[in-house]
Amino acid sequence: MLEMLKNAKIRHKFWLLNITVLAVLCVLALFAIHQIAQASGRDFAQVFWQQAPAFAGVVIVLMLVEMACSQLLISFIERHINRLKDVMVKVQQTGNLSQRAEVDAHDEIGEMAEAFNTMLERTGTVIHSIKNAVGQLREESASLTWDARARRSELQKQQ
């Protein structure tokens, strides 16, 4: 169960949270009806059928508000995560280290985007340094090769 929850999409985790909130609200409504029955000295079933429509209406309104807020939050989180993921996948597929993730928030997702951009910058700097070192090695190798040929030519002349 935990493995399935761990691998579920964020949207589904929020839906599970919505179901949990609905269950809690229903239990709370049943508890309130039970308390009313006890306080009035009436039978639970009688109070339930009398009060259930009102409690159901309140639960429906609360759930609609909760689900709307939840959907807004899901959309915000998914939009930011998907944008970051898309840039990461492009960099992975193309090897283009000039790509950058858009940072428009300073929450955990924004911090991840900043860290990714910093990693790309540092990786680009390292690759640039390696290219420069390779270029210098080629130049020095070519110079040594030229010097060795010149020495060989001189030695052949002396022989």
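Everything here concerns the structure above.
Everything in this summary refers to the structure shown in the same document.

Reading the values: rules and limits
- Residues numbered from 1 in each chain as written.
- Predicted model: local features only at pLDDT ≥ 70, side-chain atom pairs only at ≥ 80, totals over all residues.
- Heavy atoms only, no water.
- Helix = DSSP H or I, 4+ residues; strand = E, 2+ residues; numbered from the N terminus.
- Rg over C-alpha atoms; globule rule 2.2 N^0.38 Å.
- Buried < 20%, exposed > 50% of the residue type's maximum accessible area, 1.4 Å probe, protein only.
- Areas by Shrake-Rupley, 256 points an atom, 1.4 Å probe, with all protein chains shown as cover.
- Lys, Arg positive; Asp, Glu negative; His and termini not counted.
- Charge placed at Lys NZ, Arg CZ, Asp CG, Glu CD.
- Contact = heavy atoms within 4.5 Å.
- Axes fitted to C-alpha atoms, helices over the stretch in contact; angles between N-to-C directions.
- Parallel < 35°, antiparallel > 145°, perpendicular 65-115°, else oblique.
- Left-handed = near helix turned anticlockwise from the far one by under 90°.
- Bend = angle between axes of the 7 residues up to and from the residue.
- Phe/Tyr/Trp six-rings, centres within 6.5 Å; stacked < 30°, edge-to-face > 60°.
- Core = buried A, V, L, I, M, F, W, Y, C linked by side-chain atoms within 4.5 Å.

This paragraph deals with the overall build of the chain. If you tally the helices and strands in the chain, you get four helices and zero strands. Taken from the N to the C terminus, the helices and strands of the chain come in the order α-α-α-α. On C-alpha atoms alone, the chain measures out to a radius of gyration of 34 Å, which is more than a quarter above the 15 Å that the 2.2 N^0.38 rule sets for 159 residues. Projected onto its principal axes, the C-alpha positions of the chain cover 125 × 30 × 20 Å. Looking at the chain as a whole, 17% of its 159 residues qualify as buried. Just so you have it, the chain exposes about 12,200 Å², and 64% of that area is on carbon and sulfur atoms. If the 17 positive side-chain charges of the chain are averaged to one point and the 16 negative ones to another, these points end up 9 Å apart.

The next subject is the environment of His-106. With respect to the helices and strands, His-106 occurs in the loop between helix 3 (44–94) and helix 4 (108–158). For His-106 and Val-134, which are 28 residues apart along the polypeptide, the C-alpha to C-alpha distance reads 39 Å. Residues within four places of His-106 in sequence aside, it is in contact with Glu-111 and Glu-114.

Now for the packing of helix 3 against helix 4. As a packed pair, helix 3 and helix 4 sit with axes 10 Å apart at the nearest point and diverge in direction by 15 degrees. Viewed along their axes, helix 3 and helix 4 adopt a mutual orientation that is roughly parallel. For the pair helix 3 and helix 4, the sense of crossing is left-handed. Contacts between helix 3 and helix 4 pair Ile-77, His-80, Ile-81, Leu-84, Val-87, Met-88 and Val-91 from the former with Ile-109, Met-112, Ala-113, Phe-116 and Leu-120 from the latter.

Right, let's get into helix 3. At Gln-51, helix 3 is deflected by roughly 50 degrees, the largest bend along its length, and proline Pro-53 occurs up to four residues later in sequence. Looking one or two residues beyond helix 3, the residue adopting positive phi is Gly-95, at roughly 75 degrees.

Before going further, it helps to examine the packing of aromatic side chains. Scanning all chains against the criterion turns up two aromatic pairs. On the numbers, 5.0 Å between centres and 80 degrees between planes, the contact of Phe-48 with Trp-49 is edge-to-face. Judged by relative accessible area, Phe-48 falls into the partly exposed class, the value being 23%. Classification of Trp-49 as exposed rests on a relative accessible area of 66%. Three or more aromatic residues joined by ring pairs make a cluster, and in this case those are Phe-44, Phe-48 and Trp-49.

Of all hydrophobic cores here, the largest spans seven residues; its members are Leu-84, Val-87, Val-91, Ala-101, Ala-113, Phe-116 and Leu-120. Only helix 3 and helix 4 provide two or more residues apiece to this core. Beyond its immediate stretch of four places on either side in the chain, Val-87 contacts Gln-99, Arg-100, Ala-101 and Phe-116.

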